[in-house]
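Commentary on secondary and tertiary structure
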Amino acid sequence: MVAIVFCYFFVGEAPASKDITWGVDFSQMQAESLGLNWKGVYLAIINDLGVKNIKLHTQWDWVEGRKGDYYFDDIDWQLARAKANGVKVVYVVGMKSGRWPECHTPTWLSTLSVAQQQEELLKYIKEVVLRYKNNDAIINWQVENEPLFKFGQCPLWYYDGGNFLEKEIQLVKFLDPSRPVIVSDSGEQSSWFEAAKVADIVGITMYREVWAHITDGFGFNFSSFLSPVTYWRKALIIKKIFGKDVICIELQAEPWASKPFYDVPLAEQAKTMNPEIFKKNIEYAKNTGLDKFYLWGVEWWYWMKTTQNQPQIWDEAKILF
């Protein structure tokens, strides 16, 4: 039995995808953390790289820094530029929306009870969906970011087995039944079953060169041993059992170091991402049989190009798009 399972998940090749869609994940916060003009980065992604698919990471604490006072100007601008340029957007809405510390909660939330916190989160989601449900640039809502994968600094109640996640999804679908909802999950550390139970589309991550954290300040670089066909076979199971499609919502294209990569030397960054690893990750992705990928790290490519005079990955991405 062990041999059969091993062969199924690790042996063989996935069928080649005839038409792959490539996109990027974009975080305004990440661009600003790198000391960049985030609007300049966003416009370069569209106008210079030629990207036509963007997964937009938004933050609750930025939008509702003061309870009941919503600031949507920056998101309005991003969606307007997308619409004007024919860019299709996956909009991430929720508490855990990507980038460290993963859960981006307003400071005022901590003074409330668990029930009140959950109520406020649903209010926030409602504000977002009602504001943007008629925006043609948005093709999917992604509810939360890896909400079933215990990673990041989140309230204790957040990982409750998916019960509250279901409430969030039900609210989004009630307010806007026109768009399929994506739920993302770890590509390497999950069966994807729980995400498939509640999602219209399962979004998975794909990380090849990572920092394995043991304790603060101690760990090691780790290369994934998974075969490309592993993802294809898992996706077949999800399709067979749940009737859901699987896409790669995060394909590693930036370093993963022991701390934020802009605080580590370039030589250390290069251990987990450099032009050769970038090319290998693209070829690996092509061999998984999946047909949609959003690359994680476009802000870093721009930072390398404009502040470190190393445009190689940016230029390679131009060819891809």
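Residues numbered from 1 in each chain as written. Predicted model: local features only at pLDDT ≥ 70, side-chain atom pairs only at ≥ 80, totals over all residues. Heavy atoms only, no water.

1. Section: unusual backbone geometry
A cis amide bond links Trp 100 to the next residue, Pro 101, at an omega of 10°. With respect to the secondary-structure elements, Pro 101 resides in the loop between strand S3 (88–93) and helix H6 (114–132). Its identity as a non-glycine residue notwithstanding, Glu 102 has a phi of 75°, on the positive side. Relative to the helices and strands, Glu 102 is located in the loop between S3 and H6. (Helix = DSSP H or I, 4+ residues; strand = E, 2+ residues; numbered from the N terminus.)

2. Details of the sheet that holds strand S4 (residues 138–143)
The eight strands are arranged S1-S2-S3-S4-S5-S6-S9-S10 in a closed barrel whose pairing can be described as parallel. Here the average twist between neighbouring strands, direction ignored, is 30°. Note that S4 and strand S5 (residues 181–185) share two bridges and pair parallel. Looking at S5, one finds that Trp 141 is bridged to Val 181. Most of the contacts of helix H11 (residues 275–286) go to strand S9 (residues 245–252), to which it runs at about 175°, and overall it touches strand S1 (21–27), strand S6 (201–206), S9 and strand S10 (292–296). (Pairing = 2+ DSSP bridges. Axes fitted to C-alpha atoms, helices over the stretch in contact; angles between N-to-C directions. Contact = heavy atoms within 4.5 Å.)

3. Comments concerning helix H7 (residues 163–175)
Between its terminal C-alpha atoms H7 stretches 19 Å, which fits the 18 Å expected from 13 residues at 1.5 Å a residue. Burial in H7 covers these residues: Phe 164, Leu 165, Glu 168, Ile 169, Leu 171, Val 172 and Leu 175. An end-on view of H7 places all buried positions within 160° of arc, on one side of the element. Projecting away from the buried face of H7 at angles above 90 degrees are the exposed residues Gln 170 and Phe 174. As for H7, its buried residues are in contact with H6, S4, S5 and helix H8 (193–198). (Expected span 1.5 Å × (residues − 1). Buried < 20%, exposed > 50% of the residue type's maximum accessible area, 1.4 Å probe, protein only. Arc of directions from axis to C-beta.)

4. Considerations on the packing of helix H3 (residues 38–49) against helix H5 (residues 73–84)
Closest axis-to-axis distance for the H3/H5 pair is 11 Å, and the angle between their directions is 20°. What the angle tells us is that H3 and H5 run roughly parallel. The two elements H3 and H5 cross, and the hand of that crossing is right-handed. Touching Trp 38, Lys 39, Tyr 42, Leu 43 and Ile 46 of H3 are Asp 74, Trp 77, Gln 78, Leu 79, Arg 81 and Ala 82, all from H5. Its residues assigned to classes, the contact of H3 with H5 comprises seven nonpolar, one polar and three charged. (Parallel < 35°, antiparallel > 145°, perpendicular 65-115°, else oblique. Left-handed = near helix turned anticlockwise from the far one by under 90°. Nonpolar A, V, L, I, M, F, W, Y, C, P; charged D, E, K, R; others polar.)

5. Topic: the pattern of salt bridges
Following the criterion strictly, the structure yields 16 salt bridges and no others. Put simply, Lys 55 and Asp 25 hold a salt bridge, and the shortest N to O gap is 3.6 Å. Within this pair, whereas Lys 55 is found in strand S2 (residues 53–57), its partner Asp 25 is found in strand S1, the two being separated by 30 residues in sequence. Assessed through its relative accessible area of 2%, Asp 25 is described here as buried. The structure contains a network of salt bridges with shared partners spanning Lys 67, Glu 119, Glu 120 and Lys 123. (Salt bridge = Lys/Arg side-chain N within 4 Å of Asp/Glu carboxyl O.)

6. Some remarks on the layout of surface pockets
The space that makes up the largest pocket amounts to roughly 1,200 Å³. Elements with a contribution of two residues or more to the lining of the largest pocket: helix H2 (28–33), strand S7 (209–215), strand S8 (218–223), helix H9 (228–242) and S9. Of the residues belonging to the lining of the largest pocket, the class tally is 18 nonpolar, 14 polar and nine charged. Around the second largest pocket, the lining residues are Ser 17, Trp 232, Ala 235, Leu 236, Lys 239, Lys 244, Asp 245, Val 246, Ile 247, Gly 289, Leu 290 and Asp 291. Among the elements of the structure, H9 and S9 are those that each provide at least two residues to the lining of the second largest pocket. Among the elements that make up the lining of the second largest pocket, the one with the highest residue count is H9 (four residues). Partitioning the lining of the second largest pocket into residue classes produces six nonpolar, two polar and four charged. (1 Å grid on protein atoms, 1.4 Å probe; cavity = no way out; pocket = protein on both sides within 12 Å on 5 of 7 lines; lining within 4 Å. Points joined across faces, edges and corners; volume = space filled by probe spheres on them.)

7. Some remarks on the state of the cysteines
Counted according to the given criterion, the structure contains one disulfide. At a sulfur-sulfur separation of 2.1 Å, the disulfide partner of Cys 103 is Cys 154. Its S-S torsion of approximately 95° makes the covalent link between Cys 103 and Cys 154 right-handed. Separated by 51 residues along the polypeptide, Cys 103 in the loop between S3 and H6 and Cys 154 in the loop between S4 and H7 bring together distant segments of the chain. (Disulfide = S-S within 2.5 Å.)

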